[in-house]
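Analysis of the macromolecular model
Chain residues, written in single-letter form:
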Amino acid sequence: MHQGILFHHHKFEEGIHEDFIYEFECPEFEELRNRYHLVKIAGKGSDFVKAKRVLHYLAVRLTHSSWYDNHIECNALKLLEYSFEQPEHGINCLNKSKIFVECCLALGIFARRVTIMPFSPYDFDNHVVAEIYDSNLEKWIMLDVTMDGYFI
């Protein structure tokens, strides 16, 4: 099904090109690395290998809830304080992706959130995942912390 959708819509809408800079050093990232032992969890290896370890670590410790109302400040430290290993405090895919992306950035891995919109005009739901750039593979890789999976 997905191959058919991509085949029939191979030309994506062209937008305005904006330059931006990744900033890897900030106090919040240092606190995130230290409080959640990210360097140890990520271990050694390529950016993808490290991100995959963080993905698997977070996926089983964050409960999903489609009904989460975004009442917690949208940053990894606040969201982890609220939801990490607390199944009664489920969060949605947007916030899980926010946590994962910020953890990757704290490790010096280029990362971004990607919103996946539905194909049907009658479907108003969406899903949010993350992409990391692996310099060894020289490509972006999609990782989904909600499903604990990835596409290369």
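Quantities reported herein were computed from a predicted structural model and do not represent experimental measurements.

Thresholds, definitions, all that
- Residues numbered from 1 in each chain as written.
- Predicted model: local features only at pLDDT ≥ 70, side-chain atom pairs only at ≥ 80, totals over all residues.
- Heavy atoms only, no water.
- Axes fitted to C-alpha atoms, helices over the stretch in contact; angles between N-to-C directions.
- Helix = DSSP H or I, 4+ residues; strand = E, 2+ residues; numbered from the N terminus.
- Parallel < 35°, antiparallel > 145°, perpendicular 65-115°, else oblique.
- Contact = heavy atoms within 4.5 Å.
- Nonpolar A, V, L, I, M, F, W, Y, C, P; charged D, E, K, R; others polar.
- Phe/Tyr/Trp six-rings, centres within 6.5 Å; stacked < 30°, edge-to-face > 60°.
- Pairing = 2+ DSSP bridges.

**Describing the packing of helix 2 (residues 27-35) against helix 6 (residues 93-106)**
Their axes nearest at 9 Å, the elements helix 2 and helix 6 cross at an angle of 95°. In terms of axis orientation, helix 2 runs roughly perpendicular to helix 6. Between helix 2 and helix 6, the residues in contact are Phe29, Leu32 and Arg33 and Glu102, Cys103, Leu105 and Ala106, respectively. Here the contact of helix 2 with helix 6 is built from residues that sort into 5 nonpolar, no polar and 2 charged.

**Some remarks on the packing of aromatic side chains**
Evaluated as defined, the whole model comprises 8 aromatic pairs. An aromatic cluster is built from Tyr22, Phe24 and Phe110, whose rings are joined through pairwise contacts.

**A word on the sheet that holds strand 3 (residues 139-144)**
If you trace the 4 strands from one edge of the open sheet to the other, you get 1-2-3-4, paired in antiparallel fashion. Looking along the sheet, the strands with just one partner apiece sit at the ends: strand 1 (111-116) and strand 4 (149-151). Ignoring strand direction, the axes of neighbouring strands in this sheet form an average angle of 35°. Relative to strand 3, strand 2 (residues 127-134) is paired through 5 bridges, and the arrangement is antiparallel. When the bridges of strand 3 are listed, Glu131 appears paired with Met142. Relative to strand 2, helix 4 (residues 47-59) is tilted by about 145°, and along the sheet it contacts strand 2, strand 3 and strand 4. Its contacts with the sheet place helix 6 against strand 1, strand 2 and strand 3, and it is angled at close to 15° to strand 2.

**Structural notes on the packing of helix 2 against helix 5 (residues 76-83)**
It is the contact of helix 2 with helix 5, at a shortest axis distance of 10 Å, that shows an interaxial angle of 30°. One way to sum up the angle between helix 2 and helix 5 is to call them roughly parallel. Contacts between helix 2 and helix 5 involve Glu28, Glu31, Leu32 and Arg35 on the former and, on the latter, Ala76, Leu77, Leu80 and Glu81. Grouping the constituent residues of the contact of helix 2 with helix 5 by class yields 4 nonpolar, no polar and 4 charged.

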